[in-house]
Amino acid sequence: MLIRFIFLFALILHCVTCAAEDWRQFRGTLNNGIVTGPALPDTLDHIAWKIDLKGRGVSSPIIVGDRVFVTSSQGVHQNRLVVNCYDTDNGNELWQREFWATGRTICHKKMAVATPTPASDGERIFAFYSSNDVICLDLEGNLQWYRGLTYDFPNVSNSLGMASSLIVKNGIVVCMAENDTESFTFGLDAIDGTTRWQIDRPRKANWTSPVVWPGEEPWVLLQSSKGVAAVDVNTGETAWEYLDGASTIPSLTINGQVAYVPSHGLTAIRPGISDPKTPKIIWQSGQLSPATASPIVYENRVYVANRAGVVSCADIENGKRIWQARMKGPFSASPIISSGKMYAVNERGLAQILQIKQDGGEVISTHDFQDTFLATPSASNGALYLRSDQHLWKIK
Amino acid sequence: MKSPAVIVLLLFTFLPRCCAQSQGELSSLFMAIKSVDHEGKGHQRARLAIQELQKRDASALIPILIALDDANPLASNWLRNAFETIAARTLEEGKPLPEEALLNFLRKTSHRPASRRMVFEWLQKIGSDQADEMIDMFINDPSDELRREAVGRYIKQAEKIAKDSPDDLKSRCAFYRKALLGASDNDQVRKIIKGLKQCGEDIDLQYHYGFLNTWYLIGPFNNKQGVGFAQVYPPEKEINLTAAYDGQLGEVTWKKYQTDDPYGILDIARQVAPHKGAVEYAYTEFFSEKEQPVEFRLATPNAWKLWVNGKLLFEREEYHRGTAFDQYRVPGTLKKGKNSILLKICQNEQTQDWAQRWQFQFRVCNPYGMAIHSTKTE
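Rules of the game
- Residues numbered from 1 in each chain as written.
- Chains lettered and ligands numbered in written order.
- Predicted model: local features only at pLDDT ≥ 70, side-chain atom pairs only at ≥ 80, totals over all residues.
- Heavy atoms only, no water.
- Pairing = 2+ DSSP bridges.
- Helix = DSSP H or I, 4+ residues; strand = E, 2+ residues; numbered from the N terminus.
- Axes fitted to C-alpha atoms, helices over the stretch in contact; angles between N-to-C directions.
- pLDDT = per-residue confidence, 0-100.
- Contact = heavy atoms within 4.5 Å.
- Buried area = accessible area lost by both parts, 1.4 Å probe.
- Salt bridge = Lys/Arg side-chain N within 4 Å of Asp/Glu carboxyl O.
- Polar contact = N/O pair within 3.5 Å; in protein donor to acceptor, adjacent residues only side chain to side chain.
- Buried < 20%, exposed > 50% of the residue type's maximum accessible area, 1.4 Å probe, protein only.
- Parallel < 35°, antiparallel > 145°, perpendicular 65-115°, else oblique.
- Left-handed = near helix turned anticlockwise from the far one by under 90°.
- Nonpolar A, V, L, I, M, F, W, Y, C, P; charged D, E, K, R; others polar.
- Phe/Tyr/Trp six-rings, centres within 6.5 Å; stacked < 30°, edge-to-face > 60°.
- Lys NZ or Arg CZ within 6 Å of the ring centre and 35° of its normal.
- Disulfide = S-S within 2.5 Å.
- Domains from an automatic or database assignment.

Participant: Explain the sheet that holds strand β4 (residues 80-87) of chain A to me, please; I cannot follow it from the model alone.
Facilitator: The strands that make up a sheet are held in pairs by hydrogen bonds between backbone atoms, and each pair lies either parallel or antiparallel. Residue and element names in this part refer to chain A. Spatially, the four strands line up as an open sheet ordered β2-β3-β4-β5, and their pairing is antiparallel. At either end of the open sheet lies a strand with only one pairing partner, and these are β2 (62-64) and β5 (93-100). Each adjacent strand pair in this sheet contributes to an overall mean axis angle of 25 degrees, direction not counted. As paired elements, strand β3 (residues 67-74) and β4 share eight bridges and run antiparallel to each other. What sits directly across from Thr-71, in β4, is Val-83.

Laid out in structure tokens, this is it:
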């Protein structure tokens, strides 16, 4: 009996460890850009492998176990939606699956049909595209289900393109399909793809991504021009709302019970106690104004990058700026942080490591990848995965 | 009482393997998969069926392709995945794909164009010489993606002649002219036009693409605070080209406009007036030699509605999120003879430089992008 218990405990521990080292969605499994596994390399020059990507895309790679998954689109009209699976060890392609878009594939030339980052629950891959097609495959590439949200609702689209990444929580895949005309967020059953809930959202183009609430409450936070809604992922019901407006490009980040929202610069909010429907505003700072890249919180400090590529570091307790450091922007990709180092890649492909110190930041390593970069870096097992318009790199 | 999903599971699980490849069973798998539809309808049965179908060997490939012919766009993707999963596994196991059967499928233009393109790519993957030899024949193919192969090849031949025999204009232009016959993608059409210009030939792009260049316009009607999009103004109730109505700034009447823009863009802000918070209606007539399914392809950075023969086909309330060639594709049907086409183009009140455009581009084509022309023009 004891042996069985030990075996079971070891198995659970193993699974938990595996999960921790996966990078299952936009800005990581925990959705906050912080690398929790082994530290990333100190320099960017050790390229383990590099592969040519066949299609276009600015989505981040995700990593599940020893596999890395990348979405892209192909064809003269970019209407062929692709999911590729590669071996993390050597970059060999394990499989490719292709589908026909059922929604519109026109988008701004800076974006791509494969802008949203896919997500995984560890057993399945959920891929999402600007055409609002949602594809669920198992890790071997076998289709589990396929939804066409624009096929269902023909005015769910944006002529500039859609960008919101997917998240998956409690067996629900959350798809934000928010735009000027028919604007919804969907909760799809991860197993069978049916709609568990669908909610009306502000009719305004929105490129932000949903964020998983890390606490016990089953919330996902949806950001829009109107503000932030904490939505019960099981039911789609709104638990509370911040209604003072927010950016429609960089996404909020959460640390503990506080959400740092790109709103009036940056606004820190926590769920209300006396009035659970209304969150408490802790502070607002106009000095901290994220451009396209999302803010990130690390060890009691919040970091934002402005349009000029200047990174501001502020105290998460009061929003007061502590220091600024100049990096070379502009950034579309959001930064990630591992062991006191920020990893950021600008749009022209210059990757930079910023050593974070108490009183300042210093760029300690750069590498020019000489390609257009809009995708946020991913990390797993001490390796950094970078995706440009044309290539995928593993830096170890 | 067992649910249909359970019955399907039992059926697939316990059927003897010897019968598994039977046409009857494949048909029932296809039926389950083809039942998927809007909002997750049919997923329960289809999920079980696709799992079973994906296990099949290469003998299922052609039946899957045939099943694709009448599948809806969602079910098509389920079937496509089954095809590719089986084809990839077959090659991984070192077994051959049924090349001759795939070639025959590719040859038959009555099959779904997208499926034929997929088959073409799989034939290329296995290095089929015959597939490569077929490219020239794709110049009139219903599949725009196959046509593109042929157009690309003719352009390359023309470019090669230009390089190797620069004085041989006759041969070069012959290839460009051949290429133009099948060209519907703008990047290729631009290359062809440039090539033909060197031969002294100007191409009428409006005609090539089927842009409608002559319209009767009436307006402005009020669209302050966006109220005009939903407001029903008189042109939505009647088309009377001699009538006068109360507009936003006084009496308005229909006036005839023509655009000479090569891409058929009718610039309301420039040709009429740069009103803000305004609605303009555009009307034209299209004569079809027969009843036929078509696509109405529209591009505009403004909110719009489209009626054909009095029926609202689509509407979209989006302002200044960009515009591009063939931005919207609206399927519809032309009746034999005269067809009325009414557009409502709404301008909002944004003040930014990039939000001043008030324009549209409109063409009628077949579902694969080739122009359909009115049999009678003004």
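Participant: Would you explain the confidence of the model for chain B in this entry?
Facilitator: Low pLDDT means the predicted coordinates in that region are not meant to be read closely. Looking at chain B as a whole, the pLDDT averages 93, with 94% of positions reaching at least 70. In the predicted structure, residues 7-20 of chain B sits below a pLDDT of 50 and forms 18 contacts with residues beyond four places in sequence or in another chain.

Participant: What am I meant to see in the interface of chain B and chain A here?
Facilitator: Opposite the 46 residues of chain B that make contact, chain A presents 40 residues. Contact with chain A buries surface across chain B, with Glu-39, Asn-77 and Arg-321 of chain B losing the most and accounting together for 19% of the total. Taken together, the connections running from chain B to chain A amount to five salt bridges. Ionic pairing is found between Arg-80 of chain A and Glu-121 of chain B, a salt bridge with its closest N-O pair at 2.7 Å. Counting every contact that joins chain B to chain A gives 29 residue pairs in polar contact (both at pLDDT 80 or more). Looking at the side of chain B that touches chain A, the elements that each hand over two or more residues are α4 (43-54), α6 (73-92), α8 (113-125), α10 (144-164) and β9 (311-316) of chain B. When residues in the side of chain B that touches chain A are grouped by element, the largest group, 11 residues, is from α6 of chain B.

Participant: Can you walk me through the sheet that holds strand β1 (residues 47-52) of chain A in this structure?
Facilitator: Residues and elements named next belong to chain A. The strand order across the open sheet formed by four strands is β1-β32-β31-β30, and the pairing between neighbours is antiparallel. Edge positions in the sheet fall to β1 and β30 (378-380), since each has one partner strand and no second. Averaged over all adjacent pairs, the angle separating strand axes in this sheet is 15 degrees, with direction ignored. Bridge count between strand β31 (residues 383-387) and strand β32 (residues 391-395): four bridges; the pairing is antiparallel. Of the residues in β32, the one forming a bridge with Arg-387 is Leu-392.

Participant: Got a minute to help me understand the side chain of His-111 of chain B in this structure?
Facilitator: Residue and element names in this part refer to chain B. Looking at where His-111 falls in the secondary structure, it is placed in the loop between α7 (99-107) and α8. On the basis of relative accessibility, which here comes to 11%, the residue His-111 falls in the buried class. Only 2.7 Å separates the side chain of His-111 from the side chain of Asp-69, close enough to count as a polar contact. If sequence neighbours within four positions are ignored, His-111 has contacts with Ile-66, Asp-69, Phe-105 and Arg-116.

Participant: For this particular structure, what's the right way to read the packing of helix α11 (residues 169-182) of chain B against helix α12 (residues 186-198) of chain B?
Facilitator: Packed helix pairs are specified by the crossing angle of their axes together with the interaxial distance, meaning the distance between the axes. All names here are of chain B. Between α11 and α12, whose axes approach to 9 Å, the crossing angle comes to 150 degrees. The angle between α11 and α12 places the two elements in the roughly antiparallel class. Of the two possible hands of crossing, α11 and α12 adopt the one that is left-handed. Between α11 and α12, the residues in contact are Leu-169, Arg-172, Cys-173, Tyr-176, Arg-177, Ala-179 and Leu-180 and Lys-191, Ile-192, Gly-195, Leu-196 and Gln-198, respectively. When its residues are assigned to classes, the contact of α11 with α12 shows seven nonpolar, two polar and three charged.

Participant: Could you clarify how one ought to interpret the packing of aromatic side chains in this entry?
Facilitator: Between two aromatic rings, the relevant description is the distance of the centres plus the angle of the planes. Residues and elements named next belong to chain B. Using the criterion set out here, one finds 32 aromatic pairs over all chains in the structure. Ring geometry for Tyr-209 versus Phe-325: centroids 4.8 Å apart, planes at 65 degrees, classification edge-to-face. Note that Tyr-209 is positioned in helix α13 (residues 205-209) and Phe-325 in the loop between β9 and β10 (328-334), a separation of 116 residues in sequence. The exposure class assigned to Phe-325 is partly exposed, which follows from its relative accessible area of 23%. When the ring centre of Phe-229 is taken as reference, the NZ or CZ atom of Lys-305 above it lies at 4.7 Å.

Participant: I keep staring at the state of the cysteines and nothing clicks. Help me out?
Facilitator: Every disulfide links exactly two cysteines, by a covalent bond between their sulfur atoms. Residues and elements named next belong to chain B. As enumerated under the stated definition, the model contains one disulfide over all chains in all. Between the sulfur of Cys-173 and that of Cys-199 lies a disulfide, 1.7 Å long from S to S. Its torsion about the S-S bond being -140 degrees, the disulfide of Cys-173 and Cys-199 is classed as left-handed. Within this pair, whereas Cys-173 is found in helix α11, its partner Cys-199 is found in the loop between α12 and α13, the two being separated by 26 residues in sequence. Cys-199 gets classed as buried once you look at its relative accessible area, which sits at 18%.

Participant: Would you explain the domain arrangement of chain B in this entry?
Facilitator: Interfaces are often sized by the amount of accessible area the parts lose when they come together. The domain boundaries assigned to chain B delineate domain 1 (4-133), domain 2 (144-203) and domain 3 (209-365). Using only C-alpha atoms to locate each centre, domain 1 of chain B and domain 3 of chain B end up separated by 43 Å.

Participant: In this structure, what is going on with unusual backbone geometry? I would like to understand it.
Facilitator: Leave glycine aside and you will find that most residues have negative phi; peptide bonds, for their part, are mostly trans. Following Gly-329 of chain A, the chain continues to Pro-330 of chain A via a peptide bond in cis, the omega torsion being -5 degrees. Residue placement: Pro-330 of chain A occurs in the loop between β25 (321-326) and β26 (336-338). With an omega of 5 degrees, the peptide bond between Gly-219 of chain B and Pro-220 of chain B qualifies as cis. Of note, Asn-170 of chain A is a non-glycine position whose phi angle comes to about 50 degrees, a positive value.

Participant: Looking at this model, I keep getting lost on the pattern of salt bridges. Mind explaining?
Facilitator: If the charged atoms of two oppositely charged side chains come close together, the side chains can form a pair. The full count for this structure, using the stated rule, is 45 salt bridges over all chains. For Arg-24 of chain A, the salt bridge identified is with Asp-22 of chain A, shortest N-O distance 3.0 Å. An identical accessibility class is assigned to Arg-24 of chain A and Asp-22 of chain A; each is buried. Close ionic contact of Lys-160 of chain B with Asp-164 of chain B constitutes a salt bridge, the shortest N to O distance being 2.8 Å. Taken together, the residues span about one helical turn, with Lys-160 of chain B and Asp-164 of chain B both in helix α10 at a distance of four residues.

Participant: Is there a simple way to explain the confidence of the model for chain A in this structure?
Facilitator: With 95% of its residues at a pLDDT of at least 70, chain A reaches an overall mean of 94. Between residues 5-20 of chain A, whose pLDDT stays under 50, and residues either more than four places distant or in other chains, the model counts three contacts.

Participant: What is the right way to look at the environment of Ala-32 of chain B in this model?
Facilitator: All names here are of chain B. By secondary structure assignment, the location of Ala-32 is in helix α3 (residues 23-34). Of the residues examined, Ala-32 reaches a relative accessible area of 0% and is grouped as buried. The spatial distance from the C-alpha of Ala-32 to the C-alpha of Glu-317 is 37 Å, given a sequence separation of 285 residues. The residues contacting Ala-32, other than those within four sequence positions of it, are Gly-42, Arg-45, Ala-46 and Ala-49.

Participant: I keep staring at the environment of Phe-360 of chain B and nothing clicks. Help me out?
Facilitator: Residues and elements named next belong to chain B. Mapped onto the elements of the fold, Phe-360 is located in strand β12 (residues 359-365). Taking the C-alpha atoms as reference points, Phe-360 and Ala-82, separated by 278 residues in sequence, lie 41 Å from one another. The residues touching Phe-360, leaving out its near neighbours within four places in the chain, are Trp-215, Gly-264, Ile-265, Leu-266, Ile-268, Ala-282, Leu-298, Ala-299, Thr-300, Leu-343 and Ile-345.

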